[in-house]
Each structure stands twice: as structure tokens, then as C-alpha cells.
Amino acid sequence: MSRHFGEIRQLGYVVHDIEAAMDYWSRTLGVGPWYYNPRVPIKHYRYDGQDYEPHNSVALANSGFVQVELIQTRNDVPSMYRDFLQAGRTGLQHVAYWTSDYDADLERLLAQGFKPKMQGEVGEKGRFIYFDTEYHPGTVIELSEVAGPKGRMFDLIRESSLTWDGVTDPVRPFPDLSTI
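For every chain, the first residue of its written sequence is number 1, and the numbers climb from 1 along that sequence. Side-chain atom pairs in this predicted model are given and counted only at pLDDT of 80 or more, local residue features only at pLDDT of at least 70, and totals for whole chains, interfaces and linings cover all residues. Note that the side-chain values use all heavy atoms of the structure and ignore hydrogens as well as water.

A closer look at the overall build of the protein
Logical step 1: Each helix corresponds to a stretch of at least 4 residues labelled H or I by DSSP, and each strand to a stretch of at least 2 residues labelled E; elements are numbered beginning at the N terminus. A count of helices and strands for the protein gives four helices and eleven strands.
Logical step 2: For the radius of gyration, the atom set is restricted to C-alpha positions; the globular benchmark scales as 2.2 Å times the number of residues to the power 0.38. A compact globule built from 180 residues should have a C-alpha radius of gyration of about 16 Å, and the protein, at 15 Å, falls within 12% of that.
Logical step 3: Counting only C-alpha atoms and orienting by the principal axes, one finds that the protein spans roughly 45 × 35 × 30 Å.
Logical step 4: Accessible area is worked out with a 1.4 Å probe on protein chains only. A residue is then buried under 20% of its type maximum, exposed over 50%, and partly exposed in between. The 180 residues of the protein split such that 51% are buried.
Logical step 5: Looking at the protein alone, contacts between residues at least 24 apart form 64% of all its contacts between residues at least 6 apart.
Logical step 6: In this description, accessible areas are obtained by the Shrake-Rupley approach with a 1.4 Å probe, and a residue is regarded as covered only by the protein chains that are shown. Carbon and sulfur atoms provide 49% of the accessible area of the protein, an area that totals close to 9,100 Å².
Logical step 7: Under the convention used here, Asp and Glu are negative, Lys and Arg are positive, and both His and the chain ends fall outside the count. Think of each charge as sitting on NZ of Lys, CZ of Arg, CG of Asp or CD of Glu. Looking at charge distribution, the protein has the averaged site of its 18 positive side-chain charges lying 2 Å from that of its 25 negative ones. Residue contacts are defined here by distance: any two heavy atoms, one from each residue, within 4.5 Å place the two residues in contact.

Considerations on empty space enclosed by the protein
Logical step 1: Cavities and pockets were defined on a 1 Å grid built from protein atoms only: a cavity is a group of points that admits a 1.4 Å probe but offers it no way out, a pocket is an open group of points flanked by protein on both sides within 12 Å along at least five of seven lines, and a lining residue is one with an atom within 4 Å of any such point. Grid points are joined across faces, edges and corners, and a volume is the space filled by probe spheres set on the points. The tally for this structure, following the rule as stated, stands at one cavity of 30 Å³ or more.
Logical step 2: One number sums up the size of the largest cavity: a volume of about 220 Å³.
Logical step 3: Forming the boundary of the largest cavity are 17 residues, of which V40, V58, E69, V122 and F128 lie nearest the centre.
Logical step 4: At the level of secondary structure, the elements contributing two or more residues to the lining of the largest cavity comprise strand 5 (56-63), strand 9 (127-131), strand 10 (140-145) and helix 4 (149-163).
Logical step 5: Put simply, Ala, Val, Leu, Ile, Met, Phe, Trp, Tyr, Cys and Pro go in the nonpolar bin, Asp, Glu, Lys and Arg in the charged bin, and everything else, Gly too, in the polar bin. Partitioning the lining of the largest cavity into residue classes produces eleven nonpolar, three polar and three charged.

This is the structure in C-alpha cells:
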């Protein structure tokens, strides 16, 4: 467990082909089911202090307590994912820590010298921020707010992984965040 952040709750993998990645993770590694959104509705997205409109596809599944996120960029908007790919990398890009007290944790991390690089919001009380912490591939840190519907969706994904038979509906649509 990190002394700064608590437990790592998510591993974020940047991939070129999200459909192939979901198939590999579910068939070969037995991880699933995957909750897939071909275009994640990100609001208030900023990269290096500039506003942009990203188009990212995301799939989420759990392996035990840890959530696995697969990310495919669909446009050339500046992002840490695009930077990762342009550096010739694929695979583990970030680790995420979840919080229900986003403002307090963000203030604490900024006071400790962490530098924001990319941020946005997915659903009400679903803010996220990535810090410029890449020491080697896979060490970017994300702080993710789970106080609202996004947190409830994460609970649903974890719970469904506990009873998944490894075959039935390996890929499912994201739930509508406005209804959970």
C-alpha cells in the first residue's frame, strides 16, 4: 500500500486495438466481464492547462480487488495516452488511486509537489487527474473520484466479476451513469 495514496485500485493499459485486448484478457487471462464504452463522455478535459475534446474508448473489468482499464485513443487530441503511444509504448501506462474526498486529497497532493498533467470528469462527482510522475512506463499516477455514479459503476463491475462464468457476455455496455 502506498503511504501517499492508499491502495492501488486500477491498472490502466493503453492499447492499439481495444476489442482484441478485451478478447485476450477474457479468453487467455480469464478476466472479465468487460464493461465497454466506445466513446467515454469526458467533460472539462484539460491537458497541460488547455481544453480539448478527446475521443477515447475504454473497457473496465476487475481481477479480484484491482480494476483493469483498457484505453484506446480514437483521435489525435493531446493526452498522456497519446504521448505514451507516440513514445512507442503500449501496455501499463498508469496506476489509479480512488477517493471519496477528491478536493482534500488533491489539495494535499498539490501541496506535496505533484504536478497535474491531464484531468477531466466522467459523470457527476467523477473527476480525475493524472500527475506528471512517469519515472518509467506504467508509473503515471491517477487520482480518481468515486463519490458519485462512477463509483457505483465501479462497484457493479467488481461485483459482476465475482460471479462471471468466464463465457457469458464477456463484453457488456457501460451502464448509463445518470441512472445509477
